[in-house]
Each structure stands twice: as C-alpha cells, then as structure tokens.
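Structural features, examined
What follows is each chain in one-letter form.
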Amino acid sequence: MHRYKNTYFYLAVALLCAGVLFCLLFYLLNRSIPLTAVGASMLILGLVCLALARSLPRISPETGAMLLDTSMGNINLLIEELGLRVKAIYLPSSLTSSGKPQALLPLSSDIDTKWLDRPLPQRLIVKYGPNNENVGILVSTPGSVSAVLLAAEDISGMDAIESSLTHVLVGLLDAVGGVRVSQSNDGDLTIRISGSRLDGENVALYEWLGTPLASIVASIAAEAMDKPVRILEETQNKKHIDIRIGVA
Amino acid sequence: MTLYNRYIVSLALIFSLTSVVFALVAIANLDLCLTIYIIESLIVTELFIYLNPRAKRNLIWVNVILFSLFILLVVAKIAEIILGQGLLF
C-alpha cells in the first residue's frame, strides 16, 4: 500500500473526505440538491484518483532516465571506440533473430540494403552481406522495447503508424502531448511530435542513432512498414519536433 | 500536462460546468444529477483510450461501481413508478 501513496492518493483522500462531508452537510442539514450533487461529483473524482494512484509506474521517472542514460552512454562509448560514422538503419522484427526491432550501425557508408533480406543473427557484430565491408553492429534501442509493447497489436500498414505512435508515446510512456504523421510524395514519413517531455543531454550518439524519441518513432515505423528505415532528419523548435523517416 | 492530469482536469471541468447548470436550473432531483455525472464520467473515460493499460484496468473497477449505482438508480425509479412511492432520496 505504501508504494501507492503518491499525489493522486492524497488527492483521492481529500476529494473523498470532502465529498462525504458535502453530501452529509448539504443533503441532511440544508436539503440543497445542487450542492449535494457537487459532493457526489467529488466522490466520483476521488474514486478516479484512487484508481490512477495505483496505476503510476513503480519506479520514478528519474530512475528510468538514469537507466536510459547509462545504456545510451555505453552504446556511445562503443560507437566512438569503433569509429562508426554512419547513420543507423532501423530493422523490423522480421529482419532480426531477437524478435524485436533493432538498429544496425554499418561500418561503411555505402550500405546496400538489398542484402538485408533475411533475419540477422542475434549478435553484437553482424555480417549482413557477402563482402568484407558488409559488417555492422546490431544494438537494441529504446524503440526496440517500445515496439515490443505493441506486440499484441496489429501495427501493419500506414494508417496504424499514427495510432501506434500515439498509443506508445502518449498512452504507455506519457512522454509527449500528441503525434501527427504525414507522408510525402516520395514516400518519406514526417512525424510531428508536440509537447515532448523527453529531454536530456545531447550525446554524440544521437547524431548516428537518433534521439530516444526518434529511435522509438523509427522502430515503430520500421515495424509498420516491415522495411528497414533510416532517420533522415530531426528538427526541433519550441513547439514541436519534426522527425523525417525514409525507407533505407 | 501529463495524460493522467489531462484526464482528471477534463473530468473536473465537466463536473463543474454541470454543477453550475444544476444550480442555474435549480434542479430538485438528486438521482437525475447522479445519473448525469455517471454518464459523463463513463464517456470521458472512454474518450481517453490511450491511457496506460494498468490505469484502464483500475478504472474498470470505478466504472463497475458507477454502472452498478446507475442500475440501482434505474431500478429505484422503476420501482417508484410501479409502487407509487420513492425508494431513494
């Protein structure tokens, strides 16, 4: 019970007590129906807050941010050590043996995606083509875990991308305010994210792998299109973040 | 504002506006007020379809309580029509 004692719990207790008091006071003593109704609405709100108090994550957002920073920091060190300077290709789960979307960081910039036609082995260093330079590192990103959250849902097809992204980013992670997806004539997707609450230090890794938000978007887009995708551009202003995704 | 806060604020705003309307029309029927609040609550909860599955699971119990109360009010009203005297309020 102790872990549920958060802001919503105290709000629920206050609303339930005030609601009971209002109902008793104004119904029994004053016979005022509108004020008794206000008390009843407080009771309903109190019940809702009590339900939400039991729904908050068991670990604090700070703990989650700490774990994310640690894992991203380790990948950053690995990429710097290997001298990788090519943007990541986000693979759908159908092209990985782990069963979840992952990011492939190729060693050479002239990657030929025609070799990406069968699941890559579940290893850190993978060979994806017949030539010696067709080597890269395969890593899990925040997007890999997010796409797994949608495992039970059908996210195939373009129409499902916006609702899937909204479901993950707004509903499950509560990380942004809203998501809008549009498609250009050349097939690239532009995802406009408003009200982002994910902010952190700008590590060098983000240039090659994309920010955690872009990583989530790319993984879900790859899963929905069932094709390898790349983050083409990520622009941010005060109101929203625009992420452009293209088929690799 | 997080999704949970937006949900609570939406519910509180709708309840407040409804209470103002009740006061303006000087409503004298408590079961009607309760019925309207319950319906509003159920609608707003359904509109927030992107809530966390854990929150949705917990809110189902709130919805069950509210729906049971709604059924109780309807049964009491039917009994009142049949028997000719009010059972509640």
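Structural data are supplied above this passage.
These lines cover the structure that appears in this document, whether it is placed above or below. (Residues numbered from 1 in each chain as written. Chains lettered and ligands numbered in written order. Predicted model: local features only at pLDDT ≥ 70, side-chain atom pairs only at ≥ 80, totals over all residues. Heavy atoms only, no water.)

Further remarks concern the overall build of chain B. Assigned secondary structure in chain B consists of 3 helices and 0 strands. Listing every helix and strand of chain B by position from the N terminus yields α-α-α. In terms of overall dimensions, chain B is more spread out than a globule: its C-alpha atoms have a radius of gyration of 15 Å, far above the 12 Å expected for 89 residues. Considering only C-alpha atoms, chain B reaches an extent of 50 × 30 × 15 Å along its principal axes. Expressed as a percentage of its 89 residues, the buried residues of chain B come to 37%. Counting contacts in chain B only where the partners sit at least 6 residues apart, residues at least 24 apart contribute 61% of the total. Here chain B carries 5 positive and 4 negative side-chain charges, and the mean point of each set is 19 Å from the other. (Helix = DSSP H or I, 4+ residues; strand = E, 2+ residues; numbered from the N terminus. Rg over C-alpha atoms; globule rule 2.2 N^0.38 Å. Buried < 20%, exposed > 50% of the residue type's maximum accessible area, 1.4 Å probe, protein only. Contact = heavy atoms within 4.5 Å. Lys, Arg positive; Asp, Glu negative; His and termini not counted. Charge placed at Lys NZ, Arg CZ, Asp CG, Glu CD.)

This next bit is on the packing of aromatic side chains. Residue and element names in this part refer to chain A. According to the stated counting rule, one finds 7 aromatic pairs over all chains in the structure shown. An angle of 75° between the planes, with centres 5.6 Å apart, marks the rings of F9 and Y10 as edge-to-face. The residue whose ring lies beneath R31 is Y27, and the NZ or CZ to ring-centre distance is 4.6 Å. (Phe/Tyr/Trp six-rings, centres within 6.5 Å; stacked < 30°, edge-to-face > 60°. Lys NZ or Arg CZ within 6 Å of the ring centre and 35° of its normal.)

Residues and elements named next belong to chain A. Read across the sheet, 8 strands follow the order β3-β4-β2-β1-β7-β8-β6-β5 without closing on themselves; strand pairing throughout is antiparallel. With partners counted over all chains shown, the strands left at the sheet margins are β3 (125-127) and β5 (178-183), one partner each. Direction aside, the axes of adjacent strands within the sheet are offset by 35° on average. When strand β6 (residues 189-194) meets strand β8 (residues 240-247), the two strands line up antiparallel, connected through 6 bridges. Across the sheet, I193 pairs through a bridge with I241, a residue of β8. (Pairing = 2+ DSSP bridges. Axes fitted to C-alpha atoms, helices over the stretch in contact; angles between N-to-C directions.)

Let us now look at unusual backbone geometry. The backbone of D174 of chain A shows a phi angle near 50°, a positive value even though the residue is not glycine. Position of D174 of chain A among the secondary structure elements: in the loop between α5 (159-172) and β5. With a phi close to 50°, A26 of chain B is a non-glycine residue in the positive phi region. Turning to its location among the elements, A26 of chain B is positioned in the loop between α1 (3-24) and α2 (30-47).

The next subject is the pairing of β5 of chain A. Residues and elements named next belong to chain A. Where β5 meets β6, 6 bridges bridge the pair, whose relative direction is antiparallel. Counted as the bridge partner of V181 is I191 from β6. Hairpin connection from β5 to β6: 5 residues lie between these consecutive antiparallel strands, with G187 at a positive phi of about 95°.

With that settled, the discussion passes to the interface of chain A and chain B. The parts lose accessible area when they come together, and the size of an interface is often stated as this lost area. Residue-level contacts link 30 residues of chain A with 35 residues of chain B. Roughly 2,800 Å² is buried in total at the junction of chain A and chain B, and carbon and sulfur atoms are behind 73% of that figure. Inspection of the chain A/chain B interface yields 0 salt bridges. Counting the contacts that link chain A with chain B gives 6 residue pairs in polar contact (both at pLDDT 80 or more). Taken together, the elements giving at least two residues each to the side of chain A that touches chain B come down to α1 (7-30), α2 (33-53) and α5 of chain A. Looking at the side of chain A that touches chain B, the element that brings in the most residues is α2 of chain A, giving 14 residues. Residues of the side of chain A that touches chain B, tallied by class, amount to 19 nonpolar, 8 polar and 3 charged. (Buried area = accessible area lost by both parts, 1.4 Å probe. Salt bridge = Lys/Arg side-chain N within 4 Å of Asp/Glu carboxyl O. Polar contact = N/O pair within 3.5 Å; in protein donor to acceptor, adjacent residues only side chain to side chain. Nonpolar A, V, L, I, M, F, W, Y, C, P; charged D, E, K, R; others polar.)

All names here are of chain A. I193, L209 and I245 are the most contacted members of the largest nonpolar core, which totals 81 residues. Of the residues forming this core, the biggest block, 11 residues, is contributed by α2. Discounting chain neighbours no more than four positions away, the residues touching L209 are M72, I75, A88, Y90, A103, L105, V139, T141 and I231. Listed in part, the 10 residues of the second largest apolar core include L104, L116, L120 and L138. (Core = buried A, V, L, I, M, F, W, Y, C linked by side-chain atoms within 4.5 Å.)

All names here are of chain A. Most of β8 sits inside the fold, with 6 of its 8 residues counted as buried. The sheet contact formed by strand β7 (residues 229-236) and β8 spans 7 bridges and is antiparallel. Among the inter-strand pairings, V229 is bridged to a residue of β8, identified as V247. The loop that links β7 with its antiparallel partner β8 comprises 3 residues.

Bear in mind that shape data such as this cannot, by itself, settle questions of function.
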